[in-house]
Structure formats: structure tokens, C-alpha cells
Number of protein chains: 2
Amino acid sequence: MKQYLKIDEWSIIEESFDPQTQEISESVFSIGNGYMGGRANFEEQYSGNSLQGSYMAGVYYPDKTRVGWWKNGYPEYFAKVLNSTNWIGINIDIDGTALDLAKCTVSEFHRELNMKEGTLSRSFTATLADGKEVKVESIRLVSMVRQEIGAIRYSIQPLNFAGTITVTPYLDGDVKNKDSNYDEKFWNEVEKKGLPDGGYLTLKTKKLDFHVTSAMAFDIFKGDELLSIEAEAVEQDKYVASVITLPVQSGDQIVLYKYVANVTSRNHGLGQLIDAATTALQSAKEAGFATLLTEQSEAWRDKWKESDIVIEGDVSAQQAIRFNIFQLNQTYNGEDDRLNIGPKGFTGEKYGGSTYWDTEAYCVPFYLSTADSTIARNLLIYRYKHLEKAKENARKLGFTKGALYPMVTMNGEECHNEWEITFEEIHRNGAIAYAVYNYVNYTGDKAYLGQYGLEVLVEISRFWEERVHLVPHKDKYVMLGVTGPNEYENNVNNNWYTNRMASWTLEYTLEALAYLQENEASRYAELADKLELLESETEKWAEIIAKMYYPADEERGIFLQQDGFLDKDLMLVKDIPQENLPLNQKWSWDRILRSCFIKQADVLQGLFFLGDRYDLETKKRNFDFYEPLTVHESSLSPCIHAILACELGYMEKAYEMYLRTSRLDLDNYNNDTEDGCHSTSMAGTWMSIVHGFGGFRVLDGRVVLKPSNPGHWTSYAFKIMFRGSRLKVNVTDLEVTVTNETEVPASITIYDQEYTVNGLSSITAQGSSITV
Amino acid sequence: MKQYLKIDEWSIIEESFDPQTQEISESVFSIGNGYMGGRANFEEQYSGNSLQGSYMAGVYYPDKTRVGWWKNGYPEYFAKVLNSTNWIGINIDIDGTALDLAKCTVSEFHRELNMKEGTLSRSFTATLADGKEVKVESIRLVSMVRQEIGAIRYSIQPLNFAGTITVTPYLDGDVKNKDSNYDEKFWNEVEKKGLPDGGYLTLKTKKLDFHVTSAMAFDIFKGDELLSIEAEAVEQDKYVASVITLPVQSGDQIVLYKYVANVTSRNHGLGQLIDAATTALQSAKEAGFATLLTEQSEAWRDKWKESDIVIEGDVSAQQAIRFNIFQLNQTYNGEDDRLNIGPKGFTGEKYGGSTYWDTEAYCVPFYLSTADSTIARNLLIYRYKHLEKAKENARKLGFTKGALYPMVTMNGEECHNEWEITFEEIHRNGAIAYAVYNYVNYTGDKAYLGQYGLEVLVEISRFWEERVHLVPHKDKYVMLGVTGPNEYENNVNNNWYTNRMASWTLEYTLEALAYLQENEASRYAELADKLELLESETEKWAEIIAKMYYPADEERGIFLQQDGFLDKDLMLVKDIPQENLPLNQKWSWDRILRSCFIKQADVLQGLFFLGDRYDLETKKRNFDFYEPLTVHESSLSPCIHAILACELGYMEKAYEMYLRTSRLDLDNYNNDTEDGCHSTSMAGTWMSIVHGFGGFRVLDGRVVLKPSNPGHWTSYAFKIMFRGSRLKVNVTDLEVTVTNETEVPASITIYDQEYTVNGLSSITAQGSSITV
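Residues numbered from 1 in each chain as written. Chains lettered and ligands numbered in written order. Predicted model: local features only at pLDDT ≥ 70, side-chain atom pairs only at ≥ 80, totals over all residues.

Within an unreviewed UniProt entry, the label attached to chain A reads Glycoside hydrolase family 65 protein, and the organism entered is Paenibacillus monticola. As recorded by UniProt, the Sequence similarities (unreviewed entry) comment attached to chain A reads in full: "Belongs to the glycosyl hydrolase 65 family." (UniProt positions renumbered as here; feature names shortened; annotations may be inferred.)

A. The arrangement of the overall build of chain A in detail. On a plain count of helices and strands, chain A comes out with 20 helices and 32 strands. At 27 Å, chain A has a C-alpha radius of gyration in line with the 28 Å of a compact globule built from 772 residues. Principal-axis analysis of the C-alpha atoms places the extent of chain A at approximately 90 × 60 × 55 Å. Once local pairs closer than 6 in sequence are excluded, the contacts in chain A between residues at least 24 apart make up 68%. (Helix = DSSP H or I, 4+ residues; strand = E, 2+ residues; numbered from the N terminus. Rg over C-alpha atoms; globule rule 2.2 N^0.38 Å. Contact = placed C-beta atoms within 7 Å.)

B. Main features of the interface of chain A and chain B. Counting from both sides, the interface comprises 36 residues of chain A and, opposite them, 36 residues of chain B. Every element with two or more residues in the side of chain A that touches chain B is listed here: β21 (469–471), α14 (583–586) and α15 (589–594) of chain A. Looking at which element gives the most residues to the side of chain A that touches chain B, the answer is α15 of chain A, with five residues. Residues belonging to the side of chain A that touches chain B are distributed by class as follows: eleven nonpolar, 14 polar and eleven charged. (Nonpolar A, V, L, I, M, F, W, Y, C, P; charged D, E, K, R; others polar.)

C. Seen up close, unusual backbone geometry. All names here are of chain A. With an omega of -10°, the peptide bond between Leu 581 and Pro 582 qualifies as cis. Along the chain, the position of Pro 582 falls in the loop between β24 (558–559) and α14. With a phi angle near 60°, Asp 209 is a residue other than glycine that sits in the positive phi range. On the basis of neighbour count, Asp 209 is assigned to the exposed category, with 10 C-beta atoms found within 10 Å. (Buried ≥ 20, exposed ≤ 12 C-beta atoms within 10 Å, placed from the backbone.)

D. View of the relation of the copies chain A and chain B. If you rotate chain A by 180° and push it 0.0 Å along the axis, it lands on chain B with an RMSD of 0.0 Å. With respect to symmetry, the two chain copies, as superposed, fit the operation of a two-fold axis. Relative to the rotation axis, the closest C-alpha in chain A is found at Val 67 of chain A, a distance of 2.3 Å. A symmetric contact is evident, with 100% of the interface residues of chain A recurring at the interface of chain B. (Least-squares fit on C-alpha atoms with pLDDT ≥ 70 in both.)

E. A look at the confidence of the model for chain A. The predicted model of chain A has a mean per-residue pLDDT of 95, with 99% of residues at 70 or higher. Reported confidences for the modelled complex are a pTM of 0.94 and an ipTM of 0.92. (pLDDT = per-residue confidence, 0-100.)

F. Spotlight on the UniProt feature "domain: Glycoside hydrolase family 65 N-terminal" (unreviewed entry) in chain A. Per the UniProt annotation, the sites labelled "domain: Glycoside hydrolase family 65 N-terminal" (unreviewed entry) are residues 14–266 of chain A. Between the first and last C-alpha atoms of residues 14–266 of chain A the distance is 36 Å; the span itself is 3% helix and 54% strand.

G. Representation of the nonpolar core. Among the nonpolar cores identified, the biggest contains 438 residues, and Tyr 259 of chain A together with Tyr 259 of chain B are the most heavily contacted of them. In this structure, Tyr 259 of chain A is in contact with Ile 149, Ala 151, Met 216, Ala 217, Phe 218, Leu 281, Ala 284 and Lys 285 of chain A, ignoring residues within four places of it in sequence. (Core = buried A, V, L, I, M, F, W, Y, C linked by C-beta atoms within 7 Å.)

H. Looking closely at helix α17 (residues 616–626) of chain B. Residue and element names in this part refer to chain B. Inspection of α17 places Asn 622, Phe 623, Phe 625 and Tyr 626 among the buried residues, and these make up the whole buried set. Angularly, the buried residues of α17 cover 165° about the axis, an arc narrow enough to put them on a single face. Residues Leu 616 and Glu 617 are exposed on α17 and point more than 90 degrees away from its buried face. (Arc of directions from axis to C-beta.)

I. Region of interest: the pairing of strand β19 (residues 254–264) of chain B. Residues and elements named next belong to chain B. In terms of burial, β19 is a largely internal element, eleven of the eleven residues being buried. As judged from the eight bridges shared by strand β11 (residues 149–158) and β19, these two strands associate in the antiparallel manner. Note on β19: the bridge partner recorded for Ala 151 is Tyr 259. Inspection of the sheet shows strand β15 (residues 211–222) paired to β19 by eleven bridges, in the antiparallel sense. If you follow Phe 221 over to β19, its bridge partner there is Val 255. (Pairing = 2+ DSSP bridges.)

J. Region of interest: the sheet that holds strand β31 (residues 753–757) of chain B. All names here are of chain B. Judged by pairing direction, the sheet is mixed, and its four strands sit side by side in the order β25-β26-β30-β31 without closing on themselves. Single-partner strands in this sheet number two, and they are β25 (697–699) and β31. Between one strand axis and the next, the sheet turns by 35° as a mean value, whatever way the strands run. Where strand β26 (residues 702–705) lies against strand β30 (residues 746–750), three bridges are found, and the strand directions are parallel. The residue bridging Leu 705 from the neighbouring strand is Ile 750, located in β30. (Axes fitted to C-alpha atoms, helices over the stretch in contact; angles between N-to-C directions.)

K. Representation of the packing of helix α19 (residues 651–662) of chain A against helix α20 (residues 679–693) of chain A within the structure. Residue and element names in this part refer to chain A. The N-to-C vectors of α19 and α20 enclose an angle of 150°; their axes lie 9 Å apart at closest approach. Considered as vectors, α19 and α20 are oriented roughly antiparallel to each other. For the element pair α19 and α20, the recorded crossing hand is left-handed. Here Ala 654, Met 657, Tyr 658, Thr 661 and Ser 662 of α19 come into contact with α20, specifically with Ser 681, Gly 684, Thr 685, Ser 688 and Gly 692. (Parallel < 35°, antiparallel > 145°, perpendicular 65-115°, else oblique. Left-handed = near helix turned anticlockwise from the far one by under 90°.)

L. Quick look at the packing of helix α18 (residues 637–648) of chain B against helix α20 (residues 679–693) of chain B. All names here are of chain B. Between α18 and α20, the shortest axis-to-axis distance is 8 Å and the interhelical angle comes to 5°. Between α18 and α20, the crossing angle belongs to the class labelled roughly parallel. Between α18 and α20, the contacting residues are Cys 639, Ala 642, Ile 643 and Cys 646 on the first element and Gly 684, Thr 685, Met 687, Ser 688, His 691, Gly 692 and Phe 693 on the second. Here the residues of the contact of α18 with α20 sort into six nonpolar, five polar and no charged.

M. Main features of the pairing of strand β14 (residues 198–205) of chain B. All names here are of chain B. Most of β14 sits inside the fold, with seven of its eight residues counted as buried. In terms of strand pairing, strand β13 (residues 187–195) meets β14 through eight bridges, oriented antiparallel. By the bridge assignment for β14, Asn 188 is matched with Lys 204. In this structure, the hairpin formed by β13 and β14 is closed by a connection of two residues. Judged from the seven bridges that link them, β14 and β15 form a sheet pairing that is antiparallel. When the bridges of β15 are listed, Leu 201 appears paired with Ser 214.

N. Spatial organisation of the sheet that holds strand β20 (residues 310–312) of chain A. All names here are of chain A. Overall, antiparallel pairing links the five strands, which are arranged β20-β27-β28-β29-β32 in an open sheet. Because the sheet does not close on itself, it has two edges, and the strands there are β20 and β32 (762–766). Averaged over all pairs of adjacent strands, the angle between strand axes in this sheet comes to 15°, irrespective of strand direction.

O. Representation of helix α4 (residues 315–331) of chain B in the model. For α4 of chain B, built from 17 residues, the straight-helix expectation of 24 Å at 1.5 Å per residue is met to within 8% by its first-to-last C-alpha distance of 24 Å. Counting buried positions along α4 of chain B yields 15 of 17 residues, so the element is predominantly enclosed. (Expected span 1.5 Å × (residues − 1).)

This is how it looks when you write it as C-alpha cells:
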């Protein structure tokens, strides 16, 4: 861990140029708008270490699988988030020498991700090998308002010479994925045109035929004067550029405004791509850069209104939580129900695929509380649309019925190929069922069950039914050969979490069926028919619920993570020599597997999900047993521990966990931020404040709050959108104030006291749980 | 399974040409001499499907590992058996058209592997597209006497035309491995010379710098007339050839004798390679082809004298067992203690690496009984020489002491990379310790312990010591996270076999230490010093022996393959629908893992190894439980079941298992013979007769026999070499005759009756176990 970024409430700031941290910064300073995005690569040429990355949501590539030993049932292809046309490029040439920060002396370097306004800016002075000095300033955005538009203002000023500066804005589609399995390139050129005032480039993927057209236009100024110089158009393989050559005097300021539209065949017909790009481009150019900036700033103001968390008295924590919220809002906006939230968003390529159970377990709660409910609903419908693929997936693995959702997917098909994950980490099915419950419980939108939810629940229940079997001599249903959320165990028997979520799914499915039967009889009949639902099935589910086996240790009063867990050599994380950490980099896999150390919340994940079914004492015994065994080597772990720690009043532990999750990328905690940010776990950071310190739950249609203060903050405040109202919850050491920012009244419970917060008004509560 | 080979006592015969079975035949008809060998590729060009393969023992390549997801501790490289210079090639051109069986009409095709004399021959008549007919006869050998020499007699006779035939013997080093991970070629050229009368070619591997020089010479005859035509020398990249153009009349017989020497830097200095090759080549050519054939025939006569098994009344079984013995003797001759027995010998590339636990568990018994004891001893010393690497391997996996031998290796380093195998299938260590016991018990060579054996035993014991841990509430030592011999279970706890072999290792190590202390005190002191052996260690081993945990089911009176085995959904193999078999091709891995079905002997392997420690009733209960669950999808499985079935008097089962193992490759039972033969499991076939039907054991320095007859054979006879004597055991339905073919008397027990068989005499026993 090396902290080199400046602490600031609203911005991420880097104040000097260091090639060693360039790739980390490229990740951290990434910008995107849910539709497209990319890493904070430099506009001008850079020959140092860099991961050039521009990504279009939903445009992926089924790269040929690479495995050592093939297992029956593995997917042939592994979907890759696809690096696409580099549209930010602006090469600078000074009297025949390329401006390249790897070959200059750089001073006064400043890079800033302005999270309040949604811009990435950079300025520096560079001294070339021949002594020529230039000052450069750039600012760029990916528009939150015009999703296909990106724009850059790039200025360059010779400080100590007169000569010729060549400015070359370009579009370069000759890119490759760093994580390509066999070093293949994935794009073919379809069409291109280099023009004196811009150009366009259409590429298509070698498989799946995704087309992406990028079109660029520009204005160039010297000082305030718009120049009418005709650029030289250049066309090369998968590349177009406009070369603008300018005589300059010392002190002149050359400013290039580059506008780009990136459109894809996901949203436009193949014949319309160039038109669509040109139209969007022209409109943006006519609006002008200043207008784009204003639009951007206003769009982010609205986003922050819904989702900001304010922490007083701890700027570092304030910056961290805003960074997490900012990245989440950049990654997914819920407008396109074919999209989902990739583990690295638009900040890198690693992990491929777009969708993990992270979405249901971590991201859905964030979007439920910070955005219109249609956004979380779209995340659910994404899975509904993949139901047929999930059924196919179950058939491939030998199941005669039911659905097994993939561990990693782009289009509903599995695209991961480690048997212990792909075939065995089936608890993901439970999280997908849970998200249906979570959404309905949060929004009260029970109609969703009849519309979409029930079909998913029934097919998942059928999978669980076939995946368990009765052990006659125990008269219990068991589930063998699974991997739980704690991936530091593989192929275990009776993972408590998986068994519990399986029987919970059956319970909720029966409950949903009963609800529908009672309240939407005709829809129920229709669905029962469509699903060919048998009474023998629901009877079987009830039997499984009654006879599910849950490993437990009576003496300790804990649930066992899996059969035989107590046969392990029980040690504590605090006793692991520091040089052995992180285990996943220092220990061989077998040693990790047989050790008692836990990667991420497993039993505790279940106690969080089903928190209203377990008493505090049960949670405490399990937390006290499992927390000291947990190494938190998944970015998804600390937040769940933080939430439970808050519930149990372990405030020091909660704060420790909060720090671990919130500044993970800013401080490069796991030494891997150069690969991209941990986008989905950022939702966990949000959860650790709102569900953790805020103690926020939704029970029986009410907002329930049990806020506590970690003791390091003067106050903190978060927003909750709930059934039409937006509540701002402000917690100080002394009191909790809930302000209703809308006109829709809300029923809430604070420390077991019930309140109604009327429209545009506040209530204040003093509470016993507040820790100073 | 498709049987297309003719049944014959001494030969494998193919009587028609079928491109569909060409690759299977290339495997089955392979020839080798322990030093080199290759597949039965055609000499002349062949454009149909073919796996061209020539292999030099011990010349391998560390190919770059390919995995989907890297695990800490995986080896960087995966060793490949290296396809090397194709030295058999003789291209034939007839008036400008290449002779290519894929493009001719082929009649009177006959291919024969003469196992009695060690030759591969082929004859056919080919009609070319233009109607020209030629008759071709070839015979080739890889000399058992001159290990570096291969030779071919190739004759061609125009049947219906006069014209020009061009005969081109060549050496082609521009070859690649079919199983190359990234399609790379592995050889660079060092030196070559094409000469009018032959040529040579030196290549070296791109890594590890193995050099191989191949040199060729030839004589060409028309009828009986040695022609003195000067050939045209051709040199190309990694290729030399001699082009001989001959005018021919219909009925002329052109005969080419091609002699090749292949020498390697494993046996010669780099500067001596060409000299060595030339010298060996000249000597072979001067001896002449007829002499080479005679030498070969005599060498094989001696081999058969030691190792033949004769079965009367079942030619198919006779052919099968000879094929297995023949292939084993071709694969390994024990002369080079740096070599071992690859799973495919010289018959293919699959599986890479040369050494698996197959060597200790299956091959050592074969070589102990059929060859001089130095051969088995060399197999043991091979592991002794790898002890330091095995210690390094244990360190890499985090052990502070002891040795873990690799699962797959060429040079002592691990070269496999599936964690569930590489890191967890640690029972291999037990088999390596067991081989020491087996060798000493068989030969009586207790001096081996002090010389080599004890060091291996102590380091393996240290590994076991660190790999188990005490579970306080059970007061038992457990071993978690292993894969047993049954690879259809991964990462299980307390695999009975592994636990048992671990504590057995500790017992035998303590026994060996005590023996040495008592009988070779100074060597003991020396070794104790070298090994830094502590009293606390041996005390710990005794404690582990006393408190080792063995999973068992009291009710059934069986050992449990692993913890929780009885929680599985218990079904029988006979109830698996035929279309689901083989499971490894039809079921996904998770389904296989959680099923009760067993790939290969696991508990039963232990009951075979430690057979003298368990009573028949125990064996029976376990066999009756586990056999019906076993799918035998490892070639190593049926033989162990056959042996135990014989012991238990289950003769039908034993015969079924024998058939399954013995004709595995001849009848392409597993539909994979085209990849190469299952060389190591061939030793298991031998075991199923000698240890199975013959009931052969060595107890207290005596040969113990309990022969039985599967009821399908008139009689069968096998040889046992034992402590200087060679015994021929002949079993009929009525009696057992043991003939001592040497002058060294032998003490034997037949059906619990003790006998002494004096030199060059016989004894006959009637016995109750004989089944008609």
C-alpha cells in the first residue's frame, strides 16, 4: 500500500508525475457514463508502462478458452470486456519530436478527477530533451447527458521557443486486450474516412459482429481565435487522424477541442451507424464544450442529490466514500436492462465478463437506495432475460430441470472455467433469488413476482431440489460438493450458507406462490401452466425445507461453515506472520484450502442476508468465532463484517473494516489497482455506512434505522430513496435527524421508536446506540 | 471399441488398410528399445491423418504452462516428451507422383508387429491414380542390442510399368509436438550435412540444450545387385536427404537398406556427437541388415525367456498378455537410471512427463519379477536422485521439512498444474516409500536401506508428519484436503488410503531405522548425522502411528474412502444407464465428484499393498462394498480388482477385470489408443495374471503361490525371477508345476504347503484353490 493521492473532499488529486504509479492512476482516475468509459490514459503519446483501455458497455468478445486440462461442461469461450477504439488520442509533435512524458522532464504536474462535476483534468509543464518547454492543460469528460459523446479540451503553450507544433487528433482501432488468451486482436475494420475536419472509423468484432463507429470532429484555437486551418487527413489500418501543423511563437496558446461520438450496433442498425454518430457528434459540437461541461456538472449535481454521503471530521473517509459512489454511478446507470456491472467497470479488463453475484449481493442494495427503483428492477430483469440460458446451463451439467445461473456471464452463458467455481459455487443462485426478495421487500412492488420474479424463483427452486439428496440414515437432505462464498474452500459438503440459502429460496418461492394464488389467481394459473408446476414439486420443497441439514456445533452454539470444519487446525489471523500475507500470494492453494482461514464472509453472509431470522446472540457467537479466522482477501468481505460489527456494537472492528473497504483502490490496498478498480465492492463500501453505521433495514414496509457512530467522525449523513420519498439521515454523536427531501411522507423506526416523517420536514431522535 | 486386429499368439496383425484406424495402428505397432522409439508411421509420405512421432528417452522440453487461472506454487513449465527427428522417412516418387497411401488404391495390405523377434513389417500393393501398380515391403527395427541404431529394409517393385522411381531416404528435424501448448516448435538446427551416401543432422532443443545427432547411411539394390549410384544430396532447414533416381522395368525389385544412428548429448559430449553417430552407424552398416535382424531376434528370445506368459486355450488372451509384456520391455530396459517409464512410452505424447506413481505401484513389481533386480533398483535410485528436488518441492508448498515427490516429472521437478492433483494427490509419496519396501522384501537386499532407501523414507516421513495435525477433541491425527488414487474425488478429508499409507510409511521408516541401528551402526550414525535426525521426530512418528485417524463404518465393517463417504447418494455402477458411460466423457466434473462412483481402486489399493495386514473377511467386506461402485475409468484400476477378486475366489469378476486390462489398447477399449498406448498400466495386466491368478506374493523371503484358474484357459504359465532363481509356474485345472530354470534353489509355498525347488528341477502341487 502506497498512498500518493491528495486527500480532498470532492476530488482525487495527483500532484506529481511518477511513471511507477501511472497504471494505478489510469485505473483510479477512470471516467465513464454507464454506456462507455475508459482508463485515464494520456491523450498524447506515452511510451511508459500503460494499459490503454476504452470500453463500450455490452460489447464483448468470446475469447477462446485457455485451460490446462479440459473438464466436461466447460464453456468453449471466455467472454472478455473488449478494449475498443482509442478515441481520446491527440498526438503532439514539437519541431519533429513527439511529446511523450516518458521522455521529458515533467514539472507542475496536476491530475484531478473532479467527482462533483464529472471531469478528468490534467496540467503539466514538460521540458523536452532539447530544452524546449511546453505547458499543457487538458480536461475531458464522458457525457452523462449525451451517452455517446466524449469531449476533450487540450491546450498547449510553448514557453521558451518559436517553432512548429503539430497536433494530431486521431481514432485508433488497432487495439488489443492485454488479457487476450492467445494474443489475438479482436477487431476487423469495416469502413473509415479521414477528413480535413475529423473522420470516422467503423470496426466490427471478429466474432459476434458487434459494430462500433467512432466519429470525431474538432475546433482549434490560437488564443481566442478559431483557426480555419485545413488539417491533413491520414488513413491507416483501423486508424484515422487529422494532422494540424501550426507555426507558434513562445507564449501562444493552442487549444484543441476534440468531440467524439461512439455508437454501437447494440443501439443502432448497421446501416445507421455513421449517420447516428455524425448526428450526435454535430449536435455536441454545436452545443460546444462549455455547454457539455455545464450539462455534466448539472447531471452530477442530480446524482449527488440522490446518493451523496457526507462525513464531517474525516476528509479521508469523505473522499473515499464519494470515490466509491462516483465510480458506481459511472459504471452503471440502469438505463439499459441488457447491461450489468462488471467487476472492474470501465477501469480495466481483468476478470472478463460483466456479471457476477456481486450484482445481486452488493450492487442491488446500493441502487435500491440511491436511485429510482427501475434501476434495481432492470438488474433483476437482466437475470429474468437469461432464465432460458440458465436452464440450458443446468441441463449441460446434467440436471433434468431447474436453472443454474452462470458464475460469470455476458449474455447468460457461463464464461468461467475453473470447475470448483463454475460448477460448484452454486450459491450464486441463492443470491439471485434473494435479490428478488430484496427488491420486493424494499419497494413493495409485489406485482414484480407475477411479472418476472416467480419464474426465476421456481426454476432456482427446482435446481435446489435436484441438487440435494436425502441421506436415509440421517433423514436429512444434504448438498455435497460445493464451493461457498469463502472460495478458500473448494468442493466441500454442506456449506451452511449454501444449504441455508437453498432452503430459504424454497421457502420464499412457496410464499410467493401462495401470495400469487391468493392475490393474482389468474396470473398464478397462467404461470403454473407455463411452468408446468406440479403439486409434487411444492410438496417436495416443503419436505426439503423441513429436513435440510445444517451443520452446527452445539457446544459453541455456532453454525459450521461446512462439514468437518472443526477438524481444521484452528488458528487466528492475528497469529499469521505478516510475511505470509496475503495468503493468496504467499501460500500454495492446498495450504490455503486445508487451513481454517476464510477469504470472505460465508456463514456471516447468511446471517446478514437473513438477519431478521437470527437473534443477536446467535450472530454474536458466529461473528466471534468466524471473524478472527477471516483474512478478507476478497474485496467483498470487509463490508459484511462491518455491518455485523455495527449490529453487535463492535465499533472499533466496524471502523477497521470500513477503512479496509473504502480506500481499497485509492490506497492500492491489495496491490492490484493497476488492473482496474474493484467496482462492485464499492457498493459494499456504501453498504457498510448505510446498513452498517446507519443500521438501515427495511422491515414490514418501514425504514428501520439504528445509527451508531464509529467515534472518528463529527457527523455523517446519507440519503435513502424509499418508495417515493428521499430521506436524508444525519447522525451526530448526540442525535439522528431524518429529513424528508420529498413531499412523500415516510414511516420510519429509529431505535425501535416509530416516526412518520412528513414531506419536506425533519424529525430528530436521540438514541442509546450512539457511540461517542 | 472396434476390434480390427487379427488374433495371433506372437504377432499383432492388420490385414487391410483403413485410414480410420491408421492413428490407432500407429500407436499399437510402435517399436522401441528403451533408449528410443516411435510410432508405426509409414516410411513413405502419408497425407492422411497421422501422428508422426519419434522419441528419444530423456530428451524433453519444458513447454510453457497453459492454465486458465494461476495458482501459487504451480510450475512455470510443463515437461513434454519431445518429438524429435523423423529418421524413418523414405519418400518414393514414381514418374513424378509421390507414393502416398492416402491417394492410392491399396490392396494386399499387411502390417505386422512381430513380438517374438522385435520387428515391424508391412507390405502392400498400391495402384496409383494413373494405374501404375507397385508392390512394397518394408521391415524395420529399433535395435535392442545397439541402442542407438534403427534400420529399415524397404523394397519397391513396379508391377505393370517401366519408368523412373525416385527413392529419398531423409532425416527431418522440422517436427513439432502435437501437444505443444502454444504451437511452438522446440528444435533449432546446429549442424547438418547431406552426402551422396547419407548425411547427418544435429539439432538442439530451444531450452535445456539437449542435442540430438541423427546420421544415416544406405545401400540400394536392384534385385541382388548392389547399385553404386551416387545420390543427390539435399539440404534444407533441419532436413537432409539423399535423392536416388532409378530407371526401372516392370518386375524389378528395388531394395533400400536405411541405417540410422541417433545419439544424444545425454550420452556423449557435444563435440563427440557426430563421431559417435558415425561410428555406430558404420558398425551397423558393416554388420548388415541380416545381422541386425538376428541380433534382434536373439535379444528378444532372451527377454521372453525371462518374462513370457503362456496361456493355452485362449489365443486372444495369449496375444494380449504378450503385447503388454512386449511394450513394457520396449519402453524401459533399466539400463539408464536417469530414465523412467512414461505413461505412453514411445507410442505417443499425451500426458507429458515421464514419471508417475504408476512406476512404483505397477511397474516395479513387473521388473522385479521379470528382470535382473538392478532394473527395479535403478527405478528406485531414480527417485533417490530426485530427493533434493522433492525437498524443494515441499518447501515451495510451504513445508518446513520433508520431501514431496512430484506427481509428474522428468527431472524431479513437478510439471503438472491442476491443484487437485499437483498439490493434493500426495499419496504418491506413499507409493514411493512402498516401492522401497517392495524391493527390499522381494530381493532381500537390505543393504539398499543404508545405501539409498532410508534417506527417502525419512524425508517422506517428515512430510507426513507435517501434513497431518492433531484434532484435540478427537485426539486423532487427521489429514485434510487430499486427493486419493480415486481421482473422482478431490480435496477430501481423511482419505483412508492416504492416511493408511502415511502411517505405514512411518512404521516402515521406524523399522528400517531400527534395522540399521542394529545391523549397520556406523552407517546409521552417519545417516542420522546427515539427515539431522532428532529423537523428537521418531517419537512424533510413533505418536502419529498410534493416533492416526482411519475413517470407517462399524456397521458395514468397512473402511471409508474418506470422511462423509456414506452421505453420498449410494448407487451401483450396474444401474448407470449405458449412455452415461464413460462418466468422464458424459458427466460434468461436479456430478462425478459428488457421486459415489469410483474411478479406480482406492481403499482396495491399500488392501492390496498391505494385504498381509488384513484378513480375508475385511477384504471381502470392502471389496463387496466398493467394487460395485467402481467404474474403472483409469487403466490402472481393473488389475487391482482382478488381484483381489482372485484372492477372494471371485473368479468371474477376476476374469472380467483381466479382459478389461489386457486388451485395452488392442481393442481400443477407452477409445483413445490413437493418442498412444497405456504403457504403465500394461504392468498391471501382468500383475493381474501373476499376482492375481497366480496368487504370487513374497512373504518372509519366500515365494508364495496360490494359483487359481479363471476357468477359460486350459493352462497358463508365467516366470518369476526371484533372488537368483528363475521359476516357471505352470497352472492347469488340476495342478501347479513350478520348474526352476536356474541352478539356484528356491523356497516356495504353494497353497500353504512349503517346498524347495532345486536347481533345474520341478515340483508339482495339487491345490484346493484351483477352479475349473
